[in-house]
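Structure assessment
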Amino acid sequence: MHEGRGPMKCTACKAPAVIDLRRHNANFCTEHFLRLCRDQVVKAIKDFSMLEPSDRVLVAVSGGKDSLAVWDILLDLGYQADGFYIGLGIGEYSDESGRYARDFAQSRGATLVQVDLRDEYGYDIPTGSRAARRAPCSACGLSKRHLFDKAAIDGGYDAIATGHNLDDEAAVLFGNVLHWHTEYLARQAPVLPARDGFPKKIKPLVRLGEREMAAYCVLRGIDYIVEECPMAAGNRHLRYKDALNQIEAGSPGAKFDFFHGFLARAAQNFELDPDEITLGSCANCGAPCSTEVCAFCRLVQRATAQPVELSETRRRA
Ligand code: Q46
Ligand code: ZN
Ligand code: ZN
């Protein structure tokens, strides 16, 4: 983590430092670095009114560093936080990421709710996306969103927390600004309130970057899947991350200013009027949607080539 320049000392206590954070113009020992990570999460939760102390949170866990770190921090902060893991059926990557998620849950004595796409819905991402003629990440994103929402509503959770970090959010913002996808800019807020049958969604890591989260896991002894999902190769999002990393290297703090400056000074210009969005519910599963059958049920139907059963109980109708 230390990139040379002689021995570093912790800015807070002068003990040997284990990481330098150029954005903060500071170095930290293990204890003060872990404290900084927790403090940044506390500040994000407070600034964006993400959670009340008694809230029950469902953490979307992929087995990667960010989702395990956010779960770990929320548990340490005393939240009632359960994990939710979806078996996507992406070969060895899924087998391994599931193991990391289960091992973490066991080590913390935490509850992990698990859903396996193949067992419960009859498809996996590689074969299902081909059959449905959808790009893997599009089929995957749609499946994950639907199942997280459903798990949170069915389980009576107050919010879903995801491990999106500052690098992720800045890269998404960069792409949306580059192409002026103004309708997506409205959804970049770190909190999306509950509405029309959708649960509240929060991103407690928006003040922490990728490198910090990797260091957090290493220093806390959390094992996570290091490999990227094999389907992510060539993804635009990764190119935007690289571009922002180059800018950040010459201008530490640029990523943070770009994203948080947008939230503070520009985001309000892109807000959608909630009254203009009218939603009905899916005739098959009852999920909120603007078409007769929701996009997830249509995906399942095409991925498994099964007719959609219109008789399924409408859990959220
Ligand atoms: S898991 Fe799914 Fe990601 Fe893999 S298929 Fe794409 S969206 S890259 S976060
Ligand atoms: Zn220190
Ligand atoms: Zn549906």
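Residues numbered from 1 in each chain as written. Chains lettered and ligands numbered in written order. Predicted model: local features only at pLDDT ≥ 70, side-chain atom pairs only at ≥ 80, totals over all residues. Heavy atoms only, no water.

A word on the packing of helix α7 (residues 166-178) against helix α10 (residues 236-250)
Put simply, α7 and α10 touch, their axes get as near as 9 Å, and they point 105 degrees apart. Between α7 and α10, the angle is such that the two are roughly perpendicular. Taken together, the residues of α10 that come into contact with α7 (itself represented by Asp 167, Asp 168, Ala 170, Ala 171, Val 172, Phe 174, Gly 175 and Leu 178) are His 237, Tyr 240, Lys 241, Ala 243, Leu 244 and Asn 245. Taken together, the residues of the contact of α7 with α10 sort by class into eight nonpolar, three polar and three charged. (Axes fitted to C-alpha atoms, helices over the stretch in contact; angles between N-to-C directions. Helix = DSSP H or I, 4+ residues; strand = E, 2+ residues; numbered from the N terminus. Parallel < 35°, antiparallel > 145°, perpendicular 65-115°, else oblique. Contact = heavy atoms within 4.5 Å. Nonpolar A, V, L, I, M, F, W, Y, C, P; charged D, E, K, R; others polar.)

Considerations on the coordination of the zinc ion (ligand 2)
Looking at the metal site, the zinc ion (ligand 2) is ligated by Cys 10 (SG), Cys 13 (SG), Cys 29 (SG) and His 32 (ND1), spaced 2.0 to 2.3 Å from it. Metal-centred angles of 98 to 114 degrees between the four donor atoms at the zinc ion (ligand 2) mark the site as tetrahedral. Motif for the zinc ion (ligand 2), donor spacing along one chain: C-x2-C-x15-C-x2-H. With Cys 13 in the segment before β1 (19-21) and His 32 in helix α1 (residues 30-47), this residue pair connects regions lying 19 residues apart in the sequence. Classification of Cys 13 by relative accessible area gives partly exposed; the value is 35%. (Donors = N, O, S within 2.8 Å, 3.2 Å for Na, K, Ca; no water. Tetrahedral: all angles 85-135°; square planar, octahedral: opposite > 155°, others 65-115°. Buried < 20%, exposed > 50% of the residue type's maximum accessible area, 1.4 Å probe, protein only.)

Overview of the packing of helix α2 (residues 65-76) against helix α3 (residues 91-108)
Viewed as axis vectors pointing N to C, α2 and α3 meet at an angle of 15 degrees, and their least axial separation amounts to 11 Å. By the criterion of interaxial angle, the relationship of α2 to α3 is roughly parallel. Handedness of the α2/α3 crossing: right-handed. Contacts between α2 and α3 involve Leu 68, Trp 71, Asp 72, Leu 75 and Asp 76 on the former and, on the latter, Tyr 100, Ala 101, Phe 104, Ala 105 and Arg 108. Residue composition of the contact of α2 with α3, by class: seven nonpolar, no polar and three charged. (Left-handed = near helix turned anticlockwise from the far one by under 90°.)

Some points on the pattern of salt bridges
This model, assessed by the stated rule, comprises 20 salt bridges. Between Asp 72 and Arg 220 there is a salt bridge, with the nearest N and O atoms lying 2.8 Å from each other. Of this pair, Asp 72 sits in helix α2 while Arg 220 sits in helix α9 (residues 210-220), and the two are 148 residues apart along the sequence. A relative accessible area of 1% places Asp 72 in the buried class. The partner of Lys 255 in a salt bridge is Asp 167, with the nearest N and O atoms 2.9 Å apart. Pair noted here: Lys 255 is in helix α11 (residues 254-265) and Asp 167 is in helix α7, with a separation of 88 residues, a long-range link. When salt bridges that share partners are traced, they join Arg 38, Asp 72, Asp 76, Arg 108 and Arg 220 into one network. (Salt bridge = Lys/Arg side-chain N within 4 Å of Asp/Glu carboxyl O.)

Quick notes on α11
Relative to the 16 Å expected for 12 residues at 1.5 Å per residue, α11 spans 15 Å between its end C-alpha atoms, a close match to the ideal helical length. Among all positions in α11, only Lys 255, Phe 256, Phe 259, His 260, Gly 261, Phe 262 and Leu 263 are buried. Residues of α11 that are buried in the fold lie against α7, α8 (182-185) and α10. (Expected span 1.5 Å × (residues − 1).)

Let's talk about the side chain of Lys 255
With a relative accessible area of 9%, Lys 255 lands in the buried category. Within polar-contact distance, the side chain of Lys 255 engages the side chain of Asp 167 at 2.9 Å. Side-chain polar atoms of Lys 255 contact the side chain of Asn 245, separated by 2.7 Å. Those residues in contact with Lys 255 that sit more than four places away from it in its chain are Leu 166, Asp 167, Ala 170, Leu 244, Asn 245 and Glu 248. (Polar contact = N/O pair within 3.5 Å; in protein donor to acceptor, adjacent residues only side chain to side chain.)

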